[in-house]
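Summary of structural features
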Amino acid sequence: MKPSYKRTKRTFRILLILLIIVLSATACRPKSEFEKGFGYTFTPAPIMIGARSDTDFFDKDNVTFDIYYGVHDIEYDKKYNSDPKSRYQKEGYETVFFGLYICDQTHSLDIVNDMEIADYKSIENHYFVKEISEEEAFSDEYGFTISYWKGITYNHSEKITVPTELLTEENGGFAIKLIAFHEPLTKDGNYYTSTTYHIEFDYQKVDENTIKITF
């Protein structure tokens, strides 16, 4: 019994030493990735947005990083045999599409749920980035999954560049916003904002050529 106990104790010590070495190396490794919007949540919104970059310092004329977003939880839809479009509809027959925007933080709540918009491509104080059709939005490409261990995993990502017009202050902030719209039910009708979601970022001018973004 004694030799077996000694071998077990020696093995434990070796494993403990290896663990300490690995943890020390990890702690000393410089952070190479900045991100926001990937953490686990018990109550996800219908729309989720994340952002990721390998740096938080940018040329003032090229503040570009990767954004991730989805408009339906794929595993939830499968588990409950749910039509994700129904979460965005009011009567059950509206055509739904999405608009992606960037705006100053001070205008992040200018457009909220249950509003009417005459022209979704020209919203005051909002930079229109792109439109996602109903067919695209509710495909797997714009879905996401949630895991306690992995957090939020998005299927879709793309690069986004923040307009320089939104980065004029010494210290300020901007928001990336996704809005779900109903198409007008009549020829001269307005677009209806079903659901809105945004994430905010702070920035600081480091010098005349450099911007630091807080993720």
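Structure's up top.
Here, residues in each chain are numbered from 1, in the same order as that chain's written sequence. With pLDDT at 70 or above as the cut-off, local features in this predicted model cover only qualifying residues; side-chain atom pairs require 80 or more to be listed or tallied, and sums for whole chains, interfaces and linings still use all residues. Calculation of side-chain values draws on the structure's entire complement of heavy atoms; hydrogens and water are dropped beforehand.

**Observations concerning the overall build of the chain**
Helix and strand content of the chain: 3 helices and 14 strands. Each of the 215 residues in the chain was classed as buried or not, and the buried ones make up 36%. For the chain, the proportion of contacts with a sequence separation of at least 24, taken over those separated by at least 6, is 70%. With the model as given, the accessible surface of the chain reaches about 13,200 Å², and the carbon-plus-sulfur share is 51%. Each helix is a run of H or I in the DSSP string that is no shorter than four residues. Each strand is a run of E no shorter than two, and both are numbered from the N terminus. Here the term buried applies to any residue with accessible area under 20% of the maximum for its type, exposed to any over 50%, and partly exposed to those in between, with areas from a 1.4 Å probe on protein chains only. Contacts are residue-level and defined by heavy atoms, with any inter-residue pair within 4.5 Å sufficient. Under the convention used here, a 1.4 Å probe and the Shrake-Rupley method define accessible areas, while residue burial counts only the protein chains that appear.

**Overview of the pattern of salt bridges**
We define a salt bridge as a side-chain nitrogen of Lys or Arg found within 4 Å of a carboxyl oxygen belonging to Asp or Glu. As enumerated under the stated definition, the model contains 8 salt bridges in all. The residue Lys212 makes a salt bridge to Asp56 at a minimum N-O spacing of 3.3 Å. Here Lys212, found in strand E14 (residues 210–214), pairs with Asp56, found in the loop between strand E2 (48–53) and strand E3 (57–59); they are 156 residues apart in sequence, far enough to count as distant. Note on Lys212: relative accessible area 25%, which makes it partly exposed. In this structure, a network of salt bridges that share partners links the residues Glu33, Glu35 and Arg52.

**Digging into the sheet that holds strand E10 (residues 151–154)**
Any two strands are treated as partners once DSSP identifies two or more bridges connecting them. One open sheet accounts for 3 strands, arranged E5-E9-E10; its pairing is mixed. Two strands in the sheet have a free side with no partner beyond their single neighbour: strand E5 (72–73) and E10. Where strand E9 (residues 143–147) and E10 come together, 4 bridges link them in antiparallel fashion. The partner of Ser147 across the bridge, within E10, is Gly151.

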